[in-house]
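Summary of the model geometry
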Amino acid sequence: MLDHLGSLKRTHDCGALRPENDGNRVTLLGWVAKRRDLGALIFIDVRDRYGVTQVLFNPEIAEDVHNKAKTLRSEFVIAVSGIVRKRDPKTVNAKLATGEIEIYADQLHILNTAATPPFPIEDNIENVGEELRLKYRFLDLRRPKLQNNFILRHKIALTVRNYLDQQNFLELETPMLTKSTPEGARDFLVPSRVQKGRFYALPQSPQIFKQLFMVSGFERYVQITRCFRDEDLRADRQPEFTQIDMEMSFVQREDVFAILEGMMTRIFQLVGEDIQGPFPQLSYAEAMNRYGSDKPDTRFGVMIEDFSEAARTCGFKVFSDTVSHNGVVKGLCAPGAAGKSRKDIETLETWLKKDFGISGLAWLKWGDEGFSGPILKFLGEELVSQLFAQAGGKQGDLLLLVAGPNERTCQALGALRLQLGKDLQLIDESKFAILWVVDFPLLELDAEAGRYVALHHPFTSPLDEDLEKLESNPGEVRAKAYDLVLNGFEIGGGSIRIHRRDVQSAMFKALGLSPEEAQEKFGFLLDALSFGAPPHGGIALGLDRITMILSGEKSLREVIAFPKTTSATCMMTESPSEVSVHQLLDLGIQVLRQG
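Here's a quick rundown of the structure. (Residues numbered from 1 in each chain as written. Predicted model: local features only at pLDDT ≥ 70, side-chain atom pairs only at ≥ 80, totals over all residues. Heavy atoms only, no water.)

**What to know about the environment of Glu126**
Short version of the rule: The helix count covers DSSP runs of H or I at least four residues long, the strand count covers runs of E at least two residues long, and both are numbered beginning at the N terminus. The buried label applies to any residue whose accessible area, calculated with a 1.4 Å probe on protein chains only, is under 20% of its type's maximum; exposed applies above 50%, and partly exposed to all values in between.
Position of Glu126 relative to the elements: it lies in the loop between β5 (101-112) and α2 (130-135). The class of Glu126 is exposed, set by a relative accessible area of 66%.

Here's what the structure looks like:
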């Protein structure tokens, strides 16, 4: 027979009691975390979101309560009352905040029983498969580690709201059902029942609506909002995610930076980190050439070096021919890696060939007996010494080189740099390295489509000095775009926006949209820009990703309450799922089976 809560009231949470509470009568409510039956004595750990407290059931205090405690099992929901007592110093549990006390119970109410959990409700469950955890996510979320992640997430969101309120931002909502404008990732489409054959789209971003708020004169907007993208998933990507979305009128890039740096300083204080602006800035070109990535991890110093000039007249024909055909020879120095075997290097080469299409990975070692490597005989010791010196190398290091087109070479070496950072333990995991990447290209050529596409989005303003190139040489136009990068993750992206109708029309033309197509897709925006739109700009930050990094997790699924798997499936609700024929007919939809 289960008990009723009745008029019972919790006096303390399970993380509150300390030695100064000795002698107090208390009532705790929570879950049975552990049960240890020593025969005469029964010990129960009671858990709630605030912590764990040990409770002692002794037949000499209350025999009926002791007998009742014998029926308790893991995850039963209970209310327990008794007297707080200091523990014997020999039995103090230093791992618990409440470890210096325990409760001598004289009352017990069993409020609910529980089936045996499919896995232990504790933090160290590395041997439990993620799919099982996600299927029983409501149990997984009881684990202290995950609860702490979501407490941090709440505090980040609260900090953002409080800080931006002080900066005169208004939290304004934008529609969840909007128009499909498939210029970026795929939209999630929502069929209209009342207008059959027509569809809404779930927003990939509130981008256009927040710009319209600027046209409306609100000047400073913020929204912590859900966004949706129907794209392939990975550890740091989900089909639905949360953005800290911001927009400001009458600002330049540095004004946006100042607001964001103040906000990020407040956020980092939540985890005891003191970061101060201004944050370092790196141009897109420098980031790609030095780190091989537009989101560089600057927690370690191995950087890409350009050896093209030295290779132009060298005796290794692969290098000299590449440079003569407008290619590059670049490489990086792996500290202390001269001991890597030929097989280790061949494994890296196979990976880079497969994923990045390089022609080969050349290498040179500086060992105890001098330089070695298959291309040493073509280059000579004097040139090899110069290459190591340029890369800041020393005895015991390994020099890895790639020849080919600049973009492909940089991307391959950027991936290699990160892999070596992990393999050689060069990355200080306790460190936070934050920076701005600026001056992105406005457009990039889509070889398959045979036209330019926006590198960020089509509402990004060109640099003033590059505006005249938008029609004549669009590939050389730089953007007033910027990304905020933390530990090798892009945590935010934004730009100064186009606020003039003529410039926005020129941008659509550069993207291959006819005036009719531009009007059909974005006519309302073009109209709005005709009615006194102020200069404006903003940024969107990934709340999920920021929380993931600050909590030390490796996957977004650890900081999203009910996430999807990499196949975009919710294991708990078994969605997506089929719907009834009646529902489909109501929407005017017929499902065609493939195969």
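From this point on, the discussion continues.
**What about unusual backbone geometry?**
Cis geometry marks the peptide bond from Gly277 to Pro278, where omega comes out at 0°. You can see Pro278 is positioned in the loop between α6 (253-269) and β11 (281-283). Cis geometry is found at the peptide bond from Ser575 to Pro576, where omega equals 5°. One non-glycine residue, Glu219, adopts positive backbone phi at about 70°.

**Focus on the layout of surface pockets**
Note the cut-off: In this analysis a 1.4 Å probe is tested at points of a 1 Å grid over the protein atoms alone, and where it fits but cannot get out there is a cavity; an open set with protein on both sides within 12 Å along at least five of seven lines is a pocket; lining residues have an atom within 4 Å of a point. Grid points are joined across faces, edges and corners, and a volume is the space filled by probe spheres set on the points. Polarity classes work like this: nonpolar for Ala, Val, Leu, Ile, Met, Phe, Trp, Tyr, Cys and Pro, charged for Asp, Glu, Lys and Arg, and polar for all others, with Gly in that last group.
One number sums up the size of the second largest pocket: a volume of about 840 Å³. Taken together, 33 residues line the second largest pocket, and the ones lying closest to its centre are Ala33, Arg47, Val52, Ile121 and Pro144. Contributions of two or more residues to the lining of the second largest pocket are made by β1 (25-37), β2 (42-48), β3 (51-57) and α4 (144-166). It is α4 that provides the largest number of residues to the lining of the second largest pocket, a total of 4 residues. The class makeup of the residues in the lining of the second largest pocket is 13 nonpolar, 9 polar and 11 charged.

**Details of the packing of aromatic side chains**
Note the threshold: To pair, rings of Phe, Tyr and Trp, with the six-membered ring standing in for Trp, must have centres within 6.5 Å; the planes then decide the type, stacked if under 30 degrees apart, edge-to-face if over 60, and tilted in the middle.
If you walk through the whole model with that rule in mind, you get 17 aromatic pairs. Centroid distance Phe316 to Phe378: 5.4 Å. Interplanar angle 35°. Geometry classified as tilted. Taken as a pair, Phe316 in the loop between α8 (308-312) and α9 (317-324) and Phe378 in helix α11 (residues 376-379) lie far apart in primary sequence, 62 residues in all. Residue Phe378 is classed as partly exposed on the basis of its relative accessible area, which comes to 38%. Measuring from ring centre to ring centre gives 6.5 Å for Phe459 and Phe508, while their planes differ by 90°; the resulting arrangement is edge-to-face.

**Quick word on the sheet that holds strand β20 (residues 481-486)**
Defined as follows: One requirement defines pairing of two strands: DSSP has to find at least two bridges between them. Residue contacts follow a heavy-atom distance rule, with two residues in contact if any of their heavy atoms lie within 4.5 Å. Between the N-to-C directions of two axes lies an angle of 0 to 180 degrees, each axis being a line fitted to C-alpha atoms and, for a helix, fitted only over the stretch in contact.
Taken together, 8 strands build an open sheet; the order of strands is β6-β9-β10-β22-β21-β20-β17-β11 and the sheet is mixed. The open sheet has two free edges, formed respectively by β6 (170-171) and β11, since each of these has just one partner strand. Looking at chain direction, β20 and strand β21 (residues 489-496) are connected through 6 bridges and run antiparallel. Its bridge partner lying in β21, Asp483 is registered against Gly493. Running over the sheet, α6 touches β9 (220-228), β10 (240-249), β11, β17 (434-438), β20, β21 and β22 (536-542) and is turned about 160° from β17.

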